[in-house]
Structures are given as C-alpha cells and as structure tokens.
Amino acid sequence: MELPNTDNDRLPHSLLAAISRHGGTRNFAANTVLIHEGDVSDSIFILLSGRVKAYSAGTQGREIVLDELGPGHYVGELALDGDKRSVSIKTLEPTTCCVVQRDGLDAFLVEHPEFAGHLTRKLIRMVRRLTEQVKSLALQDVYGRVTRVLMELSDPIGDHVEQRQVRQRLTQQDIADRVGSSREMVHRVMKELAIGEYVVTDENSKLLVIRKKLPHAW
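In the annotation of an unreviewed UniProt entry, the protein is listed under the name Crp/Fnr family transcriptional regulator and assigned to Pseudaquabacterium terrae.

1. So, the nonpolar core
Judged by nonpolar contacts, the single largest core of 20 residues is most densely connected at Val 146, Leu 150, Ile 175, Val 186, Met 190, Leu 193 and Leu 214. For this core, the secondary-structure elements that each account for two or more residues are helix H4 (142–152), helix H5 (172–179), helix H6 (183–195) and strand E12 (208–210). At 5 residues, H4 tops the list of elements feeding residues into this core.

2. Quick word on the packing of aromatic side chains
Considering all chains together, one arrives at 3 aromatic pairs under this definition. An aromatic cluster of three or more residues is present, and its members are Tyr 74, Phe 108 and Phe 115. Here the basic side chain of Lys 53 rests over the ring of Tyr 55, its NZ or CZ set 5.1 Å away from the ring centre. In this arrangement the basic side chain of Lys 212 is found over the ring face of Tyr 198, its NZ or CZ atom lying 4.7 Å from the centre.

3. Remarks on helix H2 (residues 102–111)
For an α-helix the count is 3.6 residues per turn, leaving residues at separations of three or four pointing the same way. Those residues of H2 that fall on the buried side of the exposure criterion are Gly 104, Leu 105 and Phe 108. One side of H2 carries all its buried residues, which in axial view fall inside an arc of 95 degrees. For H2, the exposed residues set more than 90 degrees away from the buried face come down to Asp 103 and Val 110. Its buried side turned inward, H2 meets helix H1 (13–20), strand E3 (44–49), strand E8 (95–100) and helix H3 (114–139).

4. Brief notes about the sheet that holds strand E1 (residues 24–28)
Strand pairing in a sheet relies on backbone hydrogen bonds. The paired strands run either parallel or antiparallel. Strands sit in the order E1-E8-E3-E6 across an open sheet of 4 strands; the sheet is antiparallel. Each edge of the open sheet is held by one strand with a lone partner, namely E1 and strand E6 (74–75). The sheet strands contacting H1 are E3 and E8, and the helix crosses E3 at an angle near 120 degrees.

So, how was this worked out
Residues numbered from 1 in each chain as written. Predicted model: local features only at pLDDT ≥ 70, side-chain atom pairs only at ≥ 80, totals over all residues. Heavy atoms only, no water. Core = buried A, V, L, I, M, F, W, Y, C linked by side-chain atoms within 4.5 Å. Buried < 20%, exposed > 50% of the residue type's maximum accessible area, 1.4 Å probe, protein only. Helix = DSSP H or I, 4+ residues; strand = E, 2+ residues; numbered from the N terminus. Phe/Tyr/Trp six-rings, centres within 6.5 Å; stacked < 30°, edge-to-face > 60°. Lys NZ or Arg CZ within 6 Å of the ring centre and 35° of its normal. Arc of directions from axis to C-beta. Contact = heavy atoms within 4.5 Å. Pairing = 2+ DSSP bridges. Axes fitted to C-alpha atoms, helices over the stretch in contact; angles between N-to-C directions.

What follows is the structure, encoded as structure tokens:
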C-alpha cells in the first residue's frame, strides 16, 4: 500500500511567511466550524497552529472524516472558483489561522507564481487520496477500511518494517468516522486485532502500536 504523504501539502516556510502578509491572523476555539459545507465564500485558511478536520455530514448528523490537518496546511482553496464549499472544516483544538480573502490571494499569486505550482500538486494528491477513499468504501469491508486507516496514520518504528506507531490518539468513534462505519463494527475489528496481538496501546504515549503485519483479511 502506498501511504499518502500529507507533509508535501504543507507550505514551505518562505511561502507561509509571504502569504501571511496578505491576510489577517485569527484565533479559534476548539470545535469551531471554520467552513460550512454548501456555503459560498472566497477565503482560505492557512493553519499557523492547532489542528482541524475536513468532514462531510449527512442529514442525520452522521459524519465521515476526510482528513486531519495541522500547521503549514491550508484549507478552503476549492472555493476559489466561486462555487459552494464542498466540505466542512472544524477545529479539533485551539487553532490560529491566517485568513486570506480572494483579492489578497490573487495579489499573492502575482508576486509568488510558485504557489500556483504548490496548489496544483496539492490538488493532484487530494484527488488521489479521495479516489483511494472512494475505492475503499466501495470495495473493502470494514476490516479492510480500518486497517487502511491504521496504516495511513502510522509511521515505522525504527528499523522494524512491520512495526508501526499511530501518530495521534484515536478513539474507536474517530476510526468509525473515517471509515464510514459504526463504532460497534470498529470495536469488533479492534478487539480481534488486540486478541491476535496485532495492535496494542503503548503504556506511556497511549498511542496504538502495530506489532506485526496486519492480515489482508479477517
């Protein structure tokens, strides 16, 4: 499995500093919705600190999480075509953003055309990630979707190729929101993985550790 490298989506420090001069800095509390799906607006948010999630919600309030982003990432760029927002963005913790309006971004693009290249490459990677998510939802069972998420959100431990540690704390509901399933189904999968000693929780960091290669199917 080719794991997505979202670090490539972060703005280089030079571009981050330059674009910040075209916007205003704002602080947002945890659980603040920065962008509402379906709204029409033309601003983008550059994350200076904190963390946000991109998600889509159904009429019954059920969510599917598409991505989580941190400092150096930017969100809201799809609204630059003047159309409606395609997803919602909510802060997961206190977050500081530089908010750049459309006219400020246009001026920045004139001064820094390399940003257009960065934006293009980011959108290409986004399409690839979302294509993989759609394929996973359509073709994989819950077990396959859960293990895909665990692999995507983890890094190798030292020289141990098959041992990995998840980068952030995840509840079973967090995983369920990412894979489009119920928490109960995720609980069953995680319970079986724990019984088989494939995953454990690190006593110090409280992060999940994948101890050995996960089976392709259960």
